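Residue-level structure breakdown
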Amino acid sequence: MNIQKIISAIQGKRIRITDHADEEAQADNLSFDEIFFSVLQGKIIEDYPTDKPYPSCLIYGDNFHGEPIHSVWAYNKETKWSVLVTVYRPDPDLWLNWRERKK
């Protein structure tokens, strides 16, 4: 997946936030502004091309304070809309440099 398409959808306000993502953002005390910011300067660290109904990916980026955020985004290439599937603060016990899952 191309992160630029997700960024364009965010900038164009063509985004949908799932109830799950909204609940997870609240649970981790994350604002949508900081989530969007993390994507704008983020990187795709995992790609899920066979996800349904749309391909998705895991994006790592930092918020305004340099704190790591992981967010999963799906992208509908026909409508050019992105869907925030879930978001969370990554657990340092599970991630190396926030980019690679520990074995």
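Notes on the structure follow. (Residues numbered from 1 in each chain as written. Predicted model: local features only at pLDDT ≥ 70, side-chain atom pairs only at ≥ 80, totals over all residues. Heavy atoms only, no water.)

Attention now moves to the sheet that holds strand β4 (residues 68–76). The strands making up a sheet are joined through hydrogen bonds of the backbone, oriented either antiparallel or parallel. In spatial order, the strands read β1-β5-β4-β3-β2; together these five strands make up an open sheet with mixed pairing. The open sheet has two edge strands with one neighbour each: β1 (15–17) and β2 (43–48). Along the sheet, successive strands turn relative to each other by an average axial angle of 30 degrees, direction set aside. Summarising the sheet, β1 and strand β5 (residues 81–88) pair through three bridges and their orientation is parallel. Its bridge partner being in β5, Ile 17 is matched across the sheet by Leu 84. Strands β1, β3 (56–62), β4 and β5 of the sheet are contacted by helix α3 (residues 32–40), whose axis makes an angle of about 80 degrees with β4. (Pairing = 2+ DSSP bridges. Helix = DSSP H or I, 4+ residues; strand = E, 2+ residues; numbered from the N terminus. Axes fitted to C-alpha atoms, helices over the stretch in contact; angles between N-to-C directions. Contact = heavy atoms within 4.5 Å.)

Axis separation between helix α1 (residues 3–11) and α3 bottoms out at 10 Å; the angle between their running directions is 145 degrees. Crossing geometry of α1 relative to α3 is assigned as left-handed. Across the interface between the two elements, Ile 3, Ile 6, Ile 7, Ile 10 and Gln 11 from α1 touch Phe 36, Val 39 and Leu 40 from α3. Looking at side-chain class alone, the contact of α1 with α3 contains seven nonpolar, one polar and no charged residues. (Left-handed = near helix turned anticlockwise from the far one by under 90°. Nonpolar A, V, L, I, M, F, W, Y, C, P; charged D, E, K, R; others polar.)

All right, on to the environment of Asp 62 then. Mapping Asp 62 onto the fold places it in strand β3. Overall, the relative accessible area of 22% leaves Asp 62 in the partly exposed class. Residues Asp 62 and Val 39, 23 residues apart in the sequence, show an inter-C-alpha distance of 8.1 Å. Among all residues touching Asp 62, those that are not within four sequence positions of it are Phe 37, Ser 38, Gln 41, Glu 67 and Pro 68. (Buried < 20%, exposed > 50% of the residue type's maximum accessible area, 1.4 Å probe, protein only.)

So, on to the pattern of salt bridges. By the definition in use, this model includes two salt bridges. Residues Glu 46 and Arg 101 are paired through a salt bridge, measuring 2.7 Å at the closest nitrogen-oxygen approach. Placement of Glu 46 in strand β2 and of Arg 101 in strand β7 (residues 100–101) is noted, with a sequence separation of 55 residues between them. We classify Glu 46 as buried; its relative accessible area is 17%. Since its relative accessible area comes to 43%, Arg 101 is described here as partly exposed. One salt bridge connects Arg 89 with Glu 67, and the closest N-O pair in it is separated by 3.4 Å. In this pair, Arg 89 sits in the loop between β5 and β6 (95–96) while Glu 67 sits in the loop between β3 and β4, placing the two residues 22 residues apart along the sequence. (Salt bridge = Lys/Arg side-chain N within 4 Å of Asp/Glu carboxyl O.)

Turning next to the nonpolar core. Burial of nonpolar side chains together is a common tendency in soluble globular proteins. By size, the foremost hydrophobic cluster in this structure holds 17 residues, and its most contacted members are Ile 6, Ile 35, Val 39, Ile 59, Trp 73 and Val 87. Listing elements by their share of this core, those giving two or more residues are α1, α2 (19–27), α3, β3, β4 and β5. When residues of this core are assigned to their parent elements, the largest contribution, four residues, is made by α1. When residues no more than four places from it in sequence are discounted, the contact partners of Val 87 are Ala 21, Glu 24, Ala 25, Leu 30, Ile 35, Ile 69, His 70 and Ser 71. (Core = buried A, V, L, I, M, F, W, Y, C linked by side-chain atoms within 4.5 Å.)

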